[in-house]
Every structure is written in structure tokens, then in C-alpha cells.
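This is what each chain is made of:
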Amino acid sequence: MELELEPITLPGVEEKRPQIIAGPCSAETEEQVMTTAKQLADKGIKIFRAGIWKPRTKPGGFEGVGIDGLSWLKKVKKETGMYVATEVATAKHVYECLKAGIDVLWIGARTTANPFAVQEIADALKGVDIPVLVKNPVNPDLELWIGAMERINNSGLKRLGAIHRGFSSYDKKIYRNLPQWHIPIELRRRICDPSHIGGKRELIAPLCQQAMDLGFNGLIVETHCNPDCAWSDAPQQVTPDVLDYILNLLVIRKETQSTENLNELRKQIDECDNNLIQELAKRMRIAREIGTYKKEHNMTILQTGRYNEILEKRGSQGALCGMDAKFIKTVFEAIHEESVRQQMEIINK
Ligand code: PEP
Ligand code: MN
């Protein structure tokens, strides 16, 4: 199903790239919210974020200030003129936000992963025209993410955006949540959340630049007047001054700038892919012949020694050609799996 989307327009907010949403992970006190908001408004930020209901992994942590925070967001609107955004996870949250005049809603990563919760939010939003930003689910499942956007879209909402906040993984290296940039590449109206991807403030600038180079429309950056003392996500928050500095350093390249070169390069990529497929097909034909041989000689399909030898050899060959040996091994594992499948067809004929 095609999502029926419209641009996320807000009166008075210029439609430039990147669109910036900034504010603390959580609203903590009225003073923290107002101080941060005023500093951001002074830097020209137009959309303020603050979580007031915080989904925490374990009970007992700071779970947000709840409804009290809505009156602080109202005050931000009134005193700074900024639009305000917060996270909703239940129908009740939606009703409270609509009553308080919140301008933009977002659905958190843990909620997106739960179709029942998303449907409940979608039902509560039926007939309402408000921008909704859907964060990716914690697990790298593009269909689940699109499904959540479809549910909201089916309720008649068209101003939707996808927030890329990275994917949870045990294999944590430098990132808190792995970016896996290829996953959201096809989505439109993408907003990058470098704070949750990086988990550390030093990673925000490079992640913002990467998002811009990949054509993202906006950035949502956790910003706090006193980050080190934040009640949630302290290591990844920056001050409004630092945010301004990061944004000023960004290089925004026009998507159309070098389309001709890009088209030429893409043609070359298409050609490479065609050759790869031809070669793979040839390899499979040979594998089937080997399958016939094994059948005739009563041999098992999987010859473990040969398999390990191939993986090792190809890994080092790949490394010699400037590729990651682990990547090449993964490719050859997949190729081998298909060869085995094809040989099974021959044997079972
Ligand atoms: C947040 O934006 O503060 C938040 C809780 O994010 P996520 O749902 O991406 O973890
Ligand atoms: Mn956060």
C-alpha cells in the first residue's frame, strides 16, 4: 500500500532542509523546560520537543512528569512562539495532548513495535489533522515501521514523518542503536535522531552530517540547558549553544547538484549488478552439476571441509581487494546456502 502523505507544514516554519526539532529528552521541571526552550528559541529553533511520558525499560526509573508537563509545553508555546511536540503511547495521551493544543506528536520506538498500541493511537486520532512522527521500532523491521505509519494514515492523517533512531543490537560498538542507514532509505520525510543512534554527544555532529548527505529532511536532537544533570539520557544531550554550533557546521548538499554524474555512476552500478547475477547463475548451474555428481556417487551434499575452506579463502581474497573479510564471508554463506538448496532439488528429483 502507498502511503498518502503531505508535507509536514507548520505555519511560519520555513520548509528548508534540515527541519529542526530540539528539546530535552524529558521535561523535568518547569524551570528546565522554560530555560531550554528560551535558549533554543533565541537560536531560531521553531519546534520544541520534550517527553512527558517516558517508557522505561525497568520500573522505578524516572517515568516522566506526566500531565503536569503539558502546561509547561503550553507555556513554551505562549512565551516563545515555538511549536511543541511530545511522545504519545496510549489513547489517553493523545486526548490529553489534543486538549492541551500540542502541535506535533511522535510515537516512540517501543510503541511502534506494538501494533495494538499503534492502532489504539490511530483510532484516537481519527479525523484529527496533526503531524505525527513515527519512530522506527527497536528491532530492524522496516515493514513493522511502515505498518505503523499505515495505521495512522488509515485514520486520515497525512502529515506523517519517519524518525530514524537506530536499531537495538547486542553487537554494540560505537553506537547506542545501530544506524543501518539502508533500512529507511526508501521512506519519504525522514527525520534523523542522532541522539538515540549515537547515545553520546560527540557522535551527534557526524551523524547529522551523514543524515544530510543521505537526503534526510530533518533532525530531532535532544537538547538540555544542563545536559550533565538531565534526568534521562544525560550522555547524549547537548546544550542549545552546542546544537547551534553543530547546525552551523553542517554542509547541506543539494540532492540535484550532481545528478548527471550520479546517473552515470548508477548506470555503472546496474551493470555491475547484472554481471554479478549472471555470474551467480553460472555458479548455480555448476553447483547443480556437482549435485548430479554427488547423487550418482551417493555423497552427502554438505562437504564441511570444502565449505570452511571456501569461506576462509574468499574472506582473505576479499580483504586483499579492500573489503571486510567478514562481509565477504557473509556473502559466501548466502551463496552457499542457495547452492545447497539447488543441489537438494537435484537430489530429491
Ligand atoms: C525519546 O525520543 O526520548 C525516546 C524515548 O526515544 P525512542 O522512542 O527512540 O527510544
Ligand atoms: Mn531520550
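As the structure is a prediction and not an experimental result, all values here were calculated from the model. (Residues numbered from 1 in each chain as written. Chains lettered and ligands numbered in written order. Predicted model: local features only at pLDDT ≥ 70, side-chain atom pairs only at ≥ 80, totals over all residues. Heavy atoms only, no water.)

### A closer look at the overall build of the protein
Part 1 of the reasoning: In terms of helices and strands, the protein carries 12 helices and 8 strands.
Part 2 of the reasoning: Principal-axis analysis of the C-alpha atoms places the extent of the protein at approximately 80 × 40 × 40 Å.
Part 3 of the reasoning: Considering the protein as a whole, with its 349 residues, one finds that 45% of them fall into the buried category.
Part 4 of the reasoning: Partitioning the contacts of the protein with sequence separation of at least 6, the portion at a separation of at least 24 is 71%.
Part 5 of the reasoning: When the accessible surface of the protein is summed, it comes to about 18800 Å², and 53% of that surface belongs to carbon and sulfur atoms.
Part 6 of the reasoning: Considering the protein, the positive charge centre built from 47 side chains and the negative charge centre built from 47 side chains are found 2 Å apart. (Helix = DSSP H or I, 4+ residues; strand = E, 2+ residues; numbered from the N terminus. Buried < 20%, exposed > 50% of the residue type's maximum accessible area, 1.4 Å probe, protein only. Contact = heavy atoms within 4.5 Å. Areas by Shrake-Rupley, 256 points an atom, 1.4 Å probe, with all protein chains shown as cover. Lys, Arg positive; Asp, Glu negative; His and termini not counted. Charge placed at Lys NZ, Arg CZ, Asp CG, Glu CD.)

### Focus: the coordination of the manganese ion (ligand 2)
Part 1 of the reasoning: C25 (SG), H196 (NE2), E222 (OE) and D233 (OD) make up the full set of protein donors to the manganese ion (ligand 2), lying at 2.1 to 2.4 Å.
Part 2 of the reasoning: Binding-site remark: the manganese ion (ligand 2) is held by donors from one chain whose sequence spacing is C-x170-H-x25-E-x10-D. In this pair, E222 is assigned in strand β8 (residues 218–222) and D233 in the loop between β8 and α9 (240–249), connecting sequence segments 11 residues apart. Assigned by exposure class, E222 and D233 land together as buried. (Donors = N, O, S within 2.8 Å, 3.2 Å for Na, K, Ca; no water.)

### Things to note about the pairing of β8
Part 1 of the reasoning: For β8, the tally of buried residues reaches 5 of 5 residues, placing the bulk of the element in the interior.
Part 2 of the reasoning: Alternating positions in β8 separate into two faces, G218, I220 and E222 on one and L219 and V221 on the other, with burial throughout.
Part 3 of the reasoning: Bridge count between strand β1 (residues 19–23) and β8: 5 bridges; the pairing is parallel. When the sheet's bridge partners are listed, Q19 is paired in β8 with G218.
Part 4 of the reasoning: As defined by bridge partners, strand β7 (residues 190–192) adjoins β8 across 2 bridges and the pair is classed as parallel. Opposite I191, over in β8, you have G218 as the bridge partner. (Pairing = 2+ DSSP bridges.)

### Topic: the pairing of strand β5 (residues 132–135)
Part 1 of the reasoning: By the alternation rule, side chains of β5 split into V132 and V134 and L133 and K135, which are all buried.
Part 2 of the reasoning: In terms of strand pairing, strand β4 (residues 104–107) meets β5 through 3 bridges, oriented parallel. When the bridges of β5 are listed, W106 appears paired with L133.
Part 3 of the reasoning: For β5 and strand β6 (residues 160–164), the ladder comprises 4 bridges, and the chain directions are parallel.

### With respect to the sheet that holds strand β3 (residues 83–88)
Part 1 of the reasoning: Pairing in this closed barrel of 8 strands is parallel, and the strands run β1-β2-β3-β4-β5-β6-β7-β8 around the ring. Across the sheet, the mean angle separating the axes of adjacent strands is 30° when strand polarity is ignored. (Axes fitted to C-alpha atoms, helices over the stretch in contact; angles between N-to-C directions.)

### Thoughts on the site of ligand 1
Part 1 of the reasoning: As a matter of local geometry, ligand 1 sits amid C25, R49, K54, E87, W106, G108, A109, R110, K135, R165, H196 and E222.
Part 2 of the reasoning: Here an oxygen atom of ligand 1 sits 2.8 Å away from a polar atom, N or O, in the main chain of A109.
Part 3 of the reasoning: Within the side chain of R165, an N or O atom sits 2.7 Å from an oxygen atom of ligand 1.
Part 4 of the reasoning: Coverage of ligand 1 by the protein chains reaches 96% of its 300 Å² of free accessible surface.
Part 5 of the reasoning: Residues belonging to the shell around ligand 1 are distributed by class as follows: 3 nonpolar, 2 polar and 7 charged. (Near = heavy atom within 4 Å. Polar contact = N/O pair within 3.5 Å; in protein donor to acceptor, adjacent residues only side chain to side chain. Nonpolar A, V, L, I, M, F, W, Y, C, P; charged D, E, K, R; others polar.)

### Digging into a nonpolar patch on the surface
Part 1 of the reasoning: On the surface, M323, F327 and V331 cluster together into a nonpolar patch covering about 240 Å² of accessible area.
Part 2 of the reasoning: For M323, the position within the fold is in the loop between α11 (304–320) and α12 (325–347). (Patch = residues over 30% accessible without salt bridge, like charges linked within 9 Å, V, L, I, M, F, W, Y side chains within 5 Å. Salt bridge = Lys/Arg side-chain N within 4 Å of Asp/Glu carboxyl O.)

### Observations regarding the side chain of S26
Part 1 of the reasoning: As for its placement among the helices and strands, S26 is situated in the loop between β1 and α1 (30–42).
Part 2 of the reasoning: Given a relative accessible area of 0%, S26 falls into the buried group.
Part 3 of the reasoning: At a separation of 2.6 Å, a polar atom in the side chain of S26 contacts the side chain of S232.
Part 4 of the reasoning: Residues in contact with S26, not counting those within four places in the same chain, are Q32, G51, K54, F62 and S232.

### Details of the pattern of salt bridges
Part 1 of the reasoning: In the structure shown here, the tally under the stated rule is 21 salt bridges.
Part 2 of the reasoning: The closest approach of N and O atoms between K99 and E96, which form a salt bridge, is 3.4 Å. Taken as a pair, K99 and E96 lie in helix α3 (residues 91–100) at a separation of 3 residues, close to a single helical turn.
Part 3 of the reasoning: Residue classification places E96 among the buried residues on the basis of a relative accessible area of 15%.
Part 4 of the reasoning: For R306, the salt bridge identified is with E309, shortest N-O distance 3.8 Å. One end of the pair is R306 and the other is E309, both in helix α11 and 3 residues apart, which spans about a single turn.
Part 5 of the reasoning: On the basis of relative accessibility, which here comes to 38%, the residue E309 falls in the partly exposed class.
Part 6 of the reasoning: Here the salt bridges do not stand alone but share partners, grouping K43, D241 and D244 into one network.

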